[in-house]
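Chain by chain, the residues:
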Amino acid sequence: MESMEWKKDYEEFEKVTRQFYAGEVPVPKYKGFSGGFGSYAQRGGKSSMLRLRLPGGRVDSEKLKFVSEAIEKYKIDKIHFTTCQTIQLHNLDADAVCELAAAALDCGIVTRGGGGDFPRNVMVSPLSGVEKDEYFDVSPYADAAADYLMGFIKTVKLPRKLKVCFSNSPANKPHATFRDLGFAARADGRFDVFSAGGLGNNPKMGVMVAEAVDGSKILYYIKAMVNMFVTYGNYENRAKARTRYMQDVLGDKYTETYSEILKKVMEEESLDIHAEQDEITKKPDGSAPDSPRVIPQKQDGLYAVAYHPIGGCPEPSKIQELYNAISSMEQTELRLTPEEGAYIINCTGNEAKKILELTNDGARNLFESSVACIGASICQVGVRDSQKLLETLVDAAREWNFKDGVLPQIHISGCPSSCGTHQIGRIGFRGGVKKADGAMQPAFVLTVNGEDIQGTERFGKQVGTILERDIPAFLKALGNEISASGMDFDKWYASHAERFDEIAAPFAE
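Every value quoted in this text rests on a predicted model; they were computed, and no experiment measured them. (Residues numbered from 1 in each chain as written. Predicted model: local features only at pLDDT ≥ 70, side-chain atom pairs only at ≥ 80, totals over all residues. Heavy atoms only, no water.)

Participant: Hey, could you run me through the overall build of the chain in this one?
Facilitator: Looking only at helices and strands, the chain features 14 helices and 19 strands. Taking 509 residues into account, the globule formula puts the C-alpha radius of gyration at 23 Å, and the chain, at 22 Å, falls close to it. For the chain, the spread of C-alpha atoms along the principal axes amounts to about 65 × 60 × 55 Å. Among the 509 residues that make up the chain, the fraction classed as buried is 60%. Per element, the accessible surface of the chain, about 20900 Å² overall, is 47% carbon and sulfur. Separation between the mean location of the 61 positive side-chain charges and that of the 71 negative ones in the chain comes to 5 Å. (Helix = DSSP H or I, 4+ residues; strand = E, 2+ residues; numbered from the N terminus. Rg over C-alpha atoms; globule rule 2.2 N^0.38 Å. Buried < 20%, exposed > 50% of the residue type's maximum accessible area, 1.4 Å probe, protein only. Areas by Shrake-Rupley, 256 points an atom, 1.4 Å probe, with all protein chains shown as cover. Lys, Arg positive; Asp, Glu negative; His and termini not counted. Charge placed at Lys NZ, Arg CZ, Asp CG, Glu CD.)

Below, the structure written as structure tokens:
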């Protein structure tokens, strides 16, 4: 569906938003409405955020120009790269959120369905199409899926949100094996299809509902999933309305039921697609940059530069600088990652050197690339301020000065919703409370040993609850012991899982 077809919808969005800021619409009612436009009032109800849905996390020069100009025009002071490969603009007043939501359409950004009970942003392995070890480029299939899913926003009422993704290798970056619907690439150029997985309360791995599916058939599987969700999803209890609860409803008959619905869709509809691969025609310049943040692409002489702003929150001015840099670079674009970072792809060697220098404000090591949701200072449903905790830990870790890898990338969620993907972190923290000194105190539930690589996926084990103020001391104690062993976290934990629990015990009592 063309973005300009959505223009009329945004007139209603502006009307209700103006009413909300005039005090005529209560927060809960506005949340139920505005989410469908990718916008929510922030905590306190005095400002808004706007989520720009970007299929596959792709931000080309035109889209980056839109964000850059928005920053300048509306003096935007906070930006967040999300774990669903979108960009969130924060601290917007009524004028800004109404104008930006509609203006985004002019460069192909549709915020419609960015929140609420709708198909969400389609996720993709961020280096799809340029990664050396990928099975194949899944981006064209994801683009077709994204276009198709937008058609359900006005035609189907879903019980809750529906997340679809495509992975290009077993690295499984977008979590294809445990999303609502995931397409996992295979070495033979086909997809295995996984259904009804998800993080959050009652997390579940997806059910493999099909193997070796030709890419031309993906829309049948998406339509079957939509029909399945409408038929067996829970419209009465929102807490049990996500697709993963259908596994509880159908039990061992889940795959059989999905297959029956799929068969009917295939008999009644014509949804075959022909996905054309993007052609990268850019020529190298012969330069070869040397940095751990530079990844050679499968296109000889071209490079991707990794950039991970702390907490996924770049300085807004950095977005403007990036646009000014890549606007003159042929076929160069940003690819947002499911870990709140970005790659700047299709760079020549000299261009990569320029981008490296421009992005030297980002994570310096693995620990600093840790993931944190936007947190309770902004999110209405947040329990703890994830961003504040991560900032505190990064500052402390720079003083500890452990060797890179001693502390892993950690994942922090402010509440059980797992927007910080804490359940698959090597170390995860989930916001909560704990009684101490005779009163309930800010705390985080500690989890360990999560994994998202296809074939070894697992959710982290819950260890205990640690007061927020004690988390730096716990990580320092852990880091000291691992550092003394001469190993990195992964190697150490593989043979010291019980010792991890012992180190955590005094803090998690």
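Participant: I'm lost on the packing of aromatic side chains in this one. Help?
Facilitator: All told, the structure shown has 20 aromatic pairs when counted by the stated rule. Ring geometry for Phe-166 and Phe-191: centres 5.7 Å apart, planes at 75°, overall edge-to-face. Of this pair, Phe-166 sits in strand β7 (residues 164–167) while Phe-191 sits in strand β9 (residues 191–195), and the two are 25 residues apart along the sequence. Take Phe-166 and Phe-191: they sit in the same class, and that class is buried. With centroids separated by 5.9 Å and ring planes inclined at 65°, the aromatic side chains of Phe-474 and Phe-507 adopt a geometry described as edge-to-face. Of this pair, Phe-474 sits in helix α12 (residues 471–485) while Phe-507 sits in the segment after α14 (497–504); the two residues are 33 residues apart in sequence, bridging distant segments of the chain. (Phe/Tyr/Trp six-rings, centres within 6.5 Å; stacked < 30°, edge-to-face > 60°.)

Participant: How should the sheet that holds strand β15 (residues 371–372) be read in this particular structure?
Facilitator: In sheet architecture, strand pairing relies on hydrogen bonds along the backbone and comes in two forms, parallel and antiparallel. In spatial order, the strands read β15-β16-β17-β18-β19; together these five strands make up an open sheet with mixed pairing. Both outer strands of the open sheet, β15 and β19 (461–467), are each paired with one neighbouring strand and no more. Where β15 meets strand β16 (residues 410–413), two bridges bridge the pair, whose relative direction is parallel. Paired with Ala-372 across the bridge in β16 is Ile-412. Those strands touched by α12 are β17 (427–436), β18 (439–448) and β19, and its axis lies near 130° from that of β17. Of the strands in this sheet, β17, β18 and β19 touch α14, which is tilted by about 20° from β19. (Pairing = 2+ DSSP bridges. Contact = heavy atoms within 4.5 Å. Axes fitted to C-alpha atoms, helices over the stretch in contact; angles between N-to-C directions.)

Participant: Looking at this structure, I do not really get the pattern of salt bridges. What am I missing?
Facilitator: A side chain with one charge can pair with a side chain of the opposite charge if their charged atoms come near. What the rule picks out here adds up to 32 salt bridges. Salt-bridge contacts for Arg-18 lead to Glu-14; the nearest nitrogen and oxygen are separated by 3.2 Å. Of this pair, Arg-18 and Glu-14 both sit in helix α1 (residues 9–21), four residues apart, roughly one helical turn. Taking the shortest distance from any N to any O, the salt bridge between Asp-248 and Lys-204 comes out at 3.1 Å. Highlighted residues: Asp-248 in helix α7 (residues 246–250) and Lys-204 in the loop between β9 and β10 (207–213), separated in sequence by 44 residues. (Salt bridge = Lys/Arg side-chain N within 4 Å of Asp/Glu carboxyl O.)

Participant: Mind showing me how you'd approach the side chain of Asn-449 here?
Facilitator: With respect to the secondary-structure elements, Asn-449 resides in the loop between β18 and β19. Here Arg-426 takes part through its side chain, which lies 2.8 Å from a polar atom of the side chain of Asn-449. Beyond its immediate chain neighbours, meaning those up to four positions away, Asn-449 contacts Gly-425, Arg-426, Arg-458, Gly-460 and Tyr-493. (Polar contact = N/O pair within 3.5 Å; in protein donor to acceptor, adjacent residues only side chain to side chain.)

Participant: Any chance you could explain α12 here in plain terms?
Facilitator: Since the α-helix turns once every 3.6 residues, residues separated by three or four places project in the same direction. Counted at 1.5 Å a residue, the expected span for α12 with its 15 residues is 21 Å, and the 21 Å between its end C-alpha atoms agrees. Within the span of α12, buried status applies to Ile-471, Pro-472, Phe-474, Leu-475, Leu-478, Gly-479 and Ile-482. Seen along its axis, α12 keeps its buried residues to an arc of 155°; they face one direction. Among the structural elements, α11 (386–400), β17, β18, β19, α13 (489–495) and α14 are those in contact with the buried residues of α12. (Expected span 1.5 Å × (residues − 1). Arc of directions from axis to C-beta.)

Participant: What am I meant to see in the packing of α11 against α12 here?
Facilitator: The relative placement of two packed helices comes down to the angle between their axes together with the axis-to-axis distance. Between α11 and α12, whose axes approach to 10 Å, the crossing angle comes to 40°. Here α11 runs over α12; the crossing is right-handed. Listed contacts from α12 to Leu-389, Thr-392, Leu-393 and Trp-400 of α11 are Ile-471, Pro-472, Leu-475 and Lys-476. In the contact of α11 with α12, the residues fall into six nonpolar, one polar and one charged. (Left-handed = near helix turned anticlockwise from the far one by under 90°. Nonpolar A, V, L, I, M, F, W, Y, C, P; charged D, E, K, R; others polar.)

Participant: Sorry, what's going on with the nonpolar core here?
Facilitator: General note: in soluble globular proteins, nonpolar side chains tend to be found buried as a group. Counting residues in each nonpolar core, the largest one holds 57 residues, and the members touching the most others are Ile-76, Ile-79, Ile-87, Leu-89, Leu-100 and Ile-355. When residues of this core are assigned to their parent elements, the largest contribution, six residues, is made by helix α3 (residues 61–74). Aside from chain neighbours lying at most four places away, what touches Leu-89 is Ser-48, Met-49, Leu-50, Leu-52, Val-67, Ile-76, Lys-78, Ile-79 and Leu-100. Judged by nonpolar contacts, the second largest core, of 45 residues, contains Tyr-141, Ala-146, Leu-162 and Phe-229. (Core = buried A, V, L, I, M, F, W, Y, C linked by side-chain atoms within 4.5 Å.)

Participant: In this structure, what is going on with the environment of Asp-180? I would like to understand it.
Facilitator: Inspection of the secondary structure assignment puts Asp-180 in the loop between β7 and β8 (181–185). The class of Asp-180 is buried, set by a relative accessible area of 1%. Remark: the alpha-carbon pair of Asp-180 and Cys-165, spanning 15 residues in sequence, is separated by 8.5 Å. Contact partners of Asp-180, with chain neighbours within four places excluded, come to Lys-161, Leu-162, Lys-163, Phe-194, Ser-195, Ala-196, Gly-197, Met-225, Arg-242 and Thr-243.

Participant: How should α1 be read in this particular structure?
Facilitator: Compared with an ideal rise of 1.5 Å per residue, which puts 13 residues at 18 Å, α1 spans 19 Å between its outermost C-alpha atoms and is within 8% of the ideal. Within the span of α1, buried status applies to Asp-9, Tyr-10, Phe-13, Val-16, Thr-17 and Phe-20. Taken end-on, α1 shows its buried residues confined to a sector of 125°, consistent with a single buried face. Those residues of α1 that are buried are in contact with α2 (27–34), β1 (39–41) and α4 (94–103). Trailing α1 by a residue or two, Gly-23 shows a phi angle of about 80°, which is positive.

Participant: Is there a simple way to explain the packing of α3 against α4 in this structure?
Facilitator: Following both chains from N to C, one finds α3 and α4 inclined at 160°, their axes separated by 12 Å at the closest point. Here α3 is positioned roughly antiparallel relative to α4, judged by the angle of their axes. The handedness of the crossing between α3 and α4 is right-handed. Across from Phe-66, Ala-70, Lys-73 and Tyr-74 in α3, the residues of α4 making contact are Ala-96, Glu-99, Leu-100 and Ala-103. A class-by-class count of the residues in the contact of α3 with α4 yields six nonpolar, no polar and two charged. (Parallel < 35°, antiparallel > 145°, perpendicular 65-115°, else oblique.)

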